[in-house]
Amino acid sequence: MARDYYELLGVSPSASPEEIKRAYRRLARELHPDASGGNPESEARFKEVAVAYEVLSDPERRRRYDMFGPEGVGAGAGAAGDPFGFGGGGISDLFNAFFGGGGFAGDRRAGGPTRGPDLEVVLELDFADAVFGTQQPVSVRTAVPCDTCEGSGAAPGTSARRCDECGGQGQVRRVRQSILGQMVTASPCPRCSGMGEVIDSPCADCGGEGRKLEEKSYRVDIPAGVDTGSTLRLSGRGAAGPRGGGHGDLYVHVEVRAHPRFKRQAYDLVDEQRVSMAQAALGAHIKYETLDGSEDLVIPPGTQSGRVFRLRGRGVPHVEGRGRGDLLVQILVDVPTNLSREEDELLRQFAAARGEEVAPPDNSFFGRIRSAFR
Ligand SMILES: [Zn+2]
Ligand SMILES: [Zn+2]
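Residues numbered from 1 in each chain as written. Chains lettered and ligands numbered in written order. Predicted model: local features only at pLDDT ≥ 70, side-chain atom pairs only at ≥ 80, totals over all residues. Heavy atoms only, no water.

A. Highlighting the overall build of the protein. When its secondary structure is counted, the protein shows 10 helices and 15 strands. Each of the 374 residues in the protein was classed as buried or not, and the buried ones make up 37%. Long-range contacts, defined as pairs at least 24 residues apart, comprise 66% of the intrachain contacts of the protein with a sequence gap of at least 6. In the structure as shown, the protein presents an accessible area of about 21,100 Å², 50% of it carried by carbon and sulfur atoms. (Helix = DSSP H or I, 4+ residues; strand = E, 2+ residues; numbered from the N terminus. Buried < 20%, exposed > 50% of the residue type's maximum accessible area, 1.4 Å probe, protein only. Contact = heavy atoms within 4.5 Å. Areas by Shrake-Rupley, 256 points an atom, 1.4 Å probe, with all protein chains shown as cover.)

Right, here's the structure in full:
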């Protein structure tokens, strides 16, 4: 799916939801197998168009697509942890929503192998890895094609044959009389379970499924700037479908561990830095650790508590790859406590010089005991 979704639908990236819907309807009519005479090229295009519409018609997924491209678009629903389940159906569901039944698995076509389900995994990342990007392995229990039968499900040396019951259509139709008149119902063929083919000698290794469960590990490229809630799509890394059906996709949901100091505000990082009263009043150079390393943070004389310094370009890189956010350091001035006698006297002199009223020295019994222990 290399082509741009907007381009596939023939609309501009600023198209309204109505324009997108209209474009999809028009293309779907044009490319639908009934209209195109089952031309495989049209069918392939229809599938692409349907995927594009599925994403762009959902405001949240469209936003993510705009931000991250196809990799960023996650399908919410899925068959997580159930690689043999039937997670698919997205395209024909969508089709049915528009045309009322009869999608690809419809009357004229054999059911055939279905694409395997999409899988979902959650990937926990360290804060700095999410900021700068990384490569991480993810393991997933998935269905892979059976080596012994090369995914066919038939024992080596044999092959599947057309189902007699449904003539390879994958479904059977029944006509029955009801009070409303004659009704035709179509249901998956019970003999071949909708596959259109039957296997007389199933492969011993996979029991005729053409696939088996395996623990697989994939290396995932994590782009710089992802955050909790980001989803990466690994096309074709989902489970294999039965008997040579294609692979679903693998969705990797990112969760970022908290950092002891930094918080994220979109692409900015936020931190607090404590300085002493004297440093705030007289100014200071402080060794300050950013995610990129140590820097000299200059506290100018007279810095008030709460003041925010902005270190440009020391924040989170934009996922689209241009520029970085800033690092905002808020200064908190510590008021000294547990003063020694000498410090106490110096501060009193300081207050007197500025004509400031301060509380008298603590000459109570407990106060004297306290100072005796200093
Ligand atoms: Zn097999
Ligand atoms: Zn059948």
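Alright, that's what it looks like, and here's the rest.
B. Quick peek at the nonpolar core. V138, L250, V252, L297 and I299 are the most contacted members of the largest nonpolar core, which has 38 residues in total. Filtering out sequence-adjacent residues up to four positions away, L297 remains in contact with Q273, A284, H285, I286, Y288, F309, L311, V329 and I331. One finds Y6, L8, V11 and V51 within the second-largest nonpolar core, a separate group that totals 21 residues. (Core = buried A, V, L, I, M, F, W, Y, C linked by side-chain atoms within 4.5 Å.)

C. Geometry of the sheet that holds strand β15 (residues 327–334). Reading across the sheet, the 4 strands line up as β10-β11-β15-β14 and stay open at both edges, with mixed pairing between neighbours. On the outer flanks of this sheet lie β10 (263–265) and β14 (308–311), each paired with one strand and no other. Recorded for the sheet is a direction-independent mean angle of 35° between the axes of neighbouring strands. Looking at chain direction, β14 and β15 are connected through 4 bridges and run antiparallel. Along β15, the bridge assignment pairs V308 with Q330. (Pairing = 2+ DSSP bridges. Axes fitted to C-alpha atoms, helices over the stretch in contact; angles between N-to-C directions.)

D. Structural detail: helix α9 (residues 341–353). Counted at 1.5 Å a residue, the expected span for α9 with its 13 residues is 18 Å, and the 18 Å between its end C-alpha atoms agrees. At the C-terminal side of α9, G355 shows a positive phi close to 65°. (Expected span 1.5 Å × (residues − 1).)

E. Molecular detail of the sheet that holds strand β1 (residues 119–125). If you walk across this open sheet you meet the 3 strands as β1-β9-β8, and the pairing is mixed. One side of each edge strand has no neighbouring strand; the edge strands of this open sheet are β1 and β8 (231–234). Put simply, the sheet's adjacent strands are angled 25° from each other on average, direction ignored.

F. Quick look at unusual backbone geometry. The backbone of E150 sits at a positive phi, close to 50°, despite the residue not being glycine. One non-glycine residue, N338, lies in positive phi territory at about 50°. Mapped onto the elements of the fold, N338 is located in the loop between β15 and α9. The exposed category is assigned to N338, whose relative accessible area is 66%.

G. A look at the coordination of the zinc ion (ligand 1). Around the zinc ion (ligand 1), the donor atoms from the protein are C146 (SG), C149 (SG), C203 (SG) and C206 (SG), and they sit 2.3 Å away. Mapped onto the sequence, the donors of the zinc ion (ligand 1) take the spacing C-x2-C-x53-C-x2-C. Here C203 lies in the loop between β6 (197–198) and β7 (211–222) and C149 lies in the loop between β2 (134–145) and β3 (161–162), a separation of 54 residues in the sequence. The pair C149 / C203 is uniform in exposure class, with both members buried. (Donors = N, O, S within 2.8 Å, 3.2 Å for Na, K, Ca; no water.)

H. Just helix α4 (residues 40–56), in detail. In a regular helix each residue adds 1.5 Å, so 17 residues correspond to 24 Å; α4 covers 24 Å between its end C-alpha atoms and thus fits that length. What α4 keeps buried is the set S42, E43, F46, V49, A50, V51, A52, Y53, V55 and L56.

I. View of the coordination of the zinc ion (ligand 2). Around the zinc ion (ligand 2), the donor atoms from the protein are C163 (SG), C166 (SG), C189 (SG) and C192 (SG), and they sit 2.2 to 2.3 Å away. Considering all 4 donor atoms around the zinc ion (ligand 2), angles at the metal cover 102 to 117° and the coordination shape is tetrahedral. Along the chain, the residues donating to the zinc ion (ligand 2) are arranged with the sequence spacing C-x2-C-x22-C-x2-C. This pair shows no difference in class: C163 is buried, exactly as C166 is. (Tetrahedral: all angles 85-135°; square planar, octahedral: opposite > 155°, others 65-115°.)

J. Representation of the pattern of salt bridges. In this structure the tally under the stated criterion is 19 salt bridges. Here R257 ties to D126 by a salt bridge, and the two come within 2.5 Å at their closest N and O atoms. Placement of R257 in the loop between β9 (250–256) and β10 and of D126 in the loop between β1 and α7 (127–132) is noted, with a sequence separation of 131 residues between them. By relative accessible area, which is 36% here, R257 ends up partly exposed. Taking the shortest distance from any N to any O, the salt bridge between D292 and R324 comes out at 3.0 Å. Of this pair, D292 sits in the loop between β12 (284–290) and β13 (293–299) while R324 sits in the loop between β14 and β15, placing them 32 residues apart in sequence. The exposure class assigned to R324 is partly exposed, which follows from its relative accessible area of 26%. Three or more residues are tied together by salt bridges with common partners; here these are R115, D118, R233 and D249. (Salt bridge = Lys/Arg side-chain N within 4 Å of Asp/Glu carboxyl O.)

K. Broad picture of a nonpolar patch on the surface. On the surface, a nonpolar cluster with roughly 250 Å² of combined accessible area is contributed by M277, L347 and F350. Along the chain, L347 falls in helix α9. (Patch = residues over 30% accessible without salt bridge, like charges linked within 9 Å, V, L, I, M, F, W, Y side chains within 5 Å.)

L. Examining the confidence of the model for the protein more closely. The predicted model of the protein has a mean per-residue pLDDT of 83, with 83% of residues at 70 or higher. This stretch, residues 74–82, has a pLDDT under 50; its non-local contacts, to residues over four places away or in other chains, come to 16 contacts. Here residues 85–110 is modelled with pLDDT under 50, and outside its nearest four sequence neighbours on either side it reaches 51 contacts, counting other chains as well. (pLDDT = per-residue confidence, 0-100.)

M. Representation of the packing of aromatic side chains within the structure. Considering all chains together, one arrives at 4 aromatic pairs under this definition. Here the aromatic rings of Y6 and Y65 are separated by 6.1 Å at their centres, their planes lie at 55°, and the arrangement is tilted. Residue Y6 is located in helix α1 (residues 5–9), and its partner Y65 is located in helix α5 (residues 59–68); the two are separated by 59 residues in the primary sequence. The interplanar angle of 10° and the centroid separation of 4.2 Å between the aromatic rings of Y24 and Y53 together place this pair among those described as stacked. A residue pair is termed long-range when its members are at least 10 positions apart, and Y24 in helix α2 (residues 17–31) and Y53 in helix α4 qualify at 29 residues. (Phe/Tyr/Trp six-rings, centres within 6.5 Å; stacked < 30°, edge-to-face > 60°.)

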